[in-house]
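So you can see what is in the structure, the chains are spelled out below.
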Amino acid sequence: MTSAPKAGIVVVGSLNADLTIYCDRLPQPGETVHGNGFAVNPGGKSANQAVAASKLGGQVSLIGAVGEDPNGTMLLDSTASAGVDVSRVRRSDVATGVAVISVDAGGENSIIISAGANGTLRPSDVTSDAFQDAAVVCLCLEVGIDTVTAAAQAGHDAGATVLLNLSPYAEVPEVLAGLSDVLLVNAHEASLFLGAEADIPDAQAGVEAWEPVRSQFADRGLQRVLVTLGAHGSVVLDSLARGTEDQITRIAPTRVSAIDTTGAGDAFTGAVAARLAAGESLADAASFASVAAALAATKKGTQAAYPGVADVEQLRGA
């Protein structure tokens with residue numbers, strides 16, 4: 001009797017309390033501007049990605065650390081209420097991580113993070129038994145590189161697809177890059193990763209302009225890469241696709257009236273993880289994720305703004 005394919009998603013990384021102030025425009029250096037609203041919301045890239053994936057039908061567990069403080073309790077409650085297994089989120093004697101966020105009238109944001117308890121997450125928190133049912137392991141760089149690498153190795157050993165969101169950008173060791181089955185970057189991060197040889201096309205460039213970039217990533221051992229282009233959609237670079245015509249796919253943007261783009265990238269990542277775990281191709285997952293991220297930007301905050309499958313399918317069919 002053939003066993004059912006694995007469908008679980010394990011997210012390893014950060015949980016932050018988002019301290020968000022809304023304003024007409026973001027201040028220049030040395031300038032003070034008036035705000036017009038303030039909120040404290042659950043956030044952190046990994047917690048956001050876990051919630052997004054869970055709301056989109058994923059079977060998600062989260063590995064992380066929060067403090068023994070009200071913010072830590074808020075984060076555990078919010079993530080668990082979205083259906084995420086938080087039994088492996090450790091309470092720390094260090095205060096919960098915090099993100100200070102400014103959002104302007106057009107939905108653009110600036111963010112400063114303080115790691116707090118996220119900085120206490122260690123490779124020893126990543127144990128192989130947590131990955132037994134994992135189809136996808138979802139990672140970002142808001143915790144230590146050694147912990148991210150340990151999680152990537154555990155996911156690889158379990159036969160899972162390792163999805164690395166290279167954000168916030170940092171140089172990663174070759175071993176971590178080599179363990180990453182799918183790399184998710186924005187255009188700026190792609191340029192930093194590839195270095196001097198990079199020539200990232202204009203966001204509106206055609207498919208053929210992305211062939212050198214696909215080749216450069218492949219030469220670095222990254223066979224499957226998703227490059228997000230903000231309001232211009234995304235590009236899927238899949239060197240493992242069957243036909244050469246399928247190795248580069250442009251994903252059109254989903255047009256919405258953005259209110260708050262904070263966490264929209266995490267919604268995209270979580271949606272990709274959910275669809276990959278469900279067995280979809282990378283291009284199909286990116287197309288679905290484009291709609292999920294757009295919907296997330298139509299509401300204030302992060303996790304509470306994330307859509308369900310029905311919401312995404314309704315907009316896709318509109």
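Quick notes on the rules
- Going along each chain's sequence as written, the residues are numbered from 1 onward.
- Predicted model: local features are reported for residues with pLDDT of at least 70 only, side-chain atom pairs are reported and counted for 80 or more only, and whole-chain, interface and lining totals are derived from all residues.
- Each side-chain value is worked out from all heavy atoms of the structure, with water and hydrogens disregarded.
- UniProt positions are given in the numbering used here, feature names are shortened, and annotations may be inferred rather than shown by experiment.
- Elements are defined by DSSP. Helices are runs of H or I of four residues or more, strands are runs of E of two residues or more, and each kind is numbered from the N terminus.
- Remark: exposure states derive from per-residue accessible area (1.4 Å probe, protein chains only) relative to the maximum for the residue type, with buried under 20%, exposed over 50%, and partly exposed in between.
- By definition in these notes, contact holds between two residues if any of their heavy atoms fall within 4.5 Å.
- Distance and chemistry together define a polar contact, namely a pair of N or O atoms within 3.5 Å, with one atom able to donate a hydrogen and the other to accept it when in protein, and with adjacent residues in sequence counting only for side-chain atoms on both sides.
- A pair is scored as a salt bridge if a Lys or Arg side-chain nitrogen falls within 4 Å of a carboxyl oxygen belonging to Asp or Glu.
- Here, a strand pair is defined by DSSP locating no fewer than two bridges between the strands.
- Handedness rule for crossovers: strands pointing away from the viewer, path from the first strand over the helix to the second running clockwise, crossover right-handed.

### Regarding the UniProt feature "active site" (unreviewed entry) in the protein
So, point 1. In the UniProt entry, the feature "active site" (unreviewed entry) is given for Asp266.
So, point 2. Tracing the backbone through its elements, the reader meets Asp266 in helix α7 (residues 264–277).
So, point 3. The class for Asp266 is buried, based on a relative accessible area of 5%.
So, point 4. Every residue in contact with Asp266, bar those within four places of it in the chain, is listed here: Gly44, Lys45, Asn48, Gln49, Ala52, Asn165 and Tyr306.
So, point 5. Within the structure, Asp266 has its side chain in polar contact with the side chain of Lys45 (distance 2.7 Å).

### Concerning the pattern of salt bridges
So, point 1. Tallied over the full model, the rule gives nine salt bridges.
So, point 2. For Arg90, the salt bridge identified is with Asp125, shortest N-O distance 3.0 Å. One end of the pair, Arg90, is in strand β5 (residues 85–92); the other, Asp125, is in the loop between β7 (109–114) and β8 (134–139), with 35 residues separating them in the sequence.
So, point 3. We note a salt bridge from Arg275 to Glu280, for which the minimum N-O separation is 2.8 Å.
So, point 4. What makes Glu280 partly exposed here is its relative accessible area of 24%.

### Concerning the pairing of strand β9 (residues 161–165)
So, point 1. Burial analysis of β9 places four of its five residues in the buried class, which makes it a mostly covered element.
So, point 2. Strand direction decides the pairing type here: β8 and β9, joined by four bridges, are parallel. Pairing of Val137 across the sheet is with Val162, part of β9.
So, point 3. As paired strands, β9 and strand β10 (residues 182–186) are joined by three bridges and run parallel to one another. Across the sheet, the residue bridging to Leu163 is Val182, located in β10.
So, point 4. Handedness of the crossover joining β9 and β10 through helix α4 (residues 174–179) is recorded here as right-handed.

### Remarks on the side chain of Ser78
So, point 1. As for its position among the elements, Ser78 is in helix α2 (residues 70–81).
So, point 2. On the basis of relative accessibility, which here comes to 18%, the residue Ser78 falls in the buried class.
So, point 3. If we skip the residues at most four places from it in the chain, Ser78 touches Pro42 and Gln303.

### Some thoughts on helix α6 (residues 211–219)
In an α-helix, one full turn covers 3.6 residues, which means residues spaced three or four apart are oriented alike.
So, point 1. Every buried residue of α6 is accounted for by Val213, Arg214, Gln216, Phe217 and Ala218.
So, point 2. In this fold, the buried residues of α6 make contact with β10, α5 (187–194), β11 (224–228), β12 (234–238) and β13 (248–251).
So, point 3. Gly221 sits one or two residues past α6 and shows a positive phi near 90 degrees.

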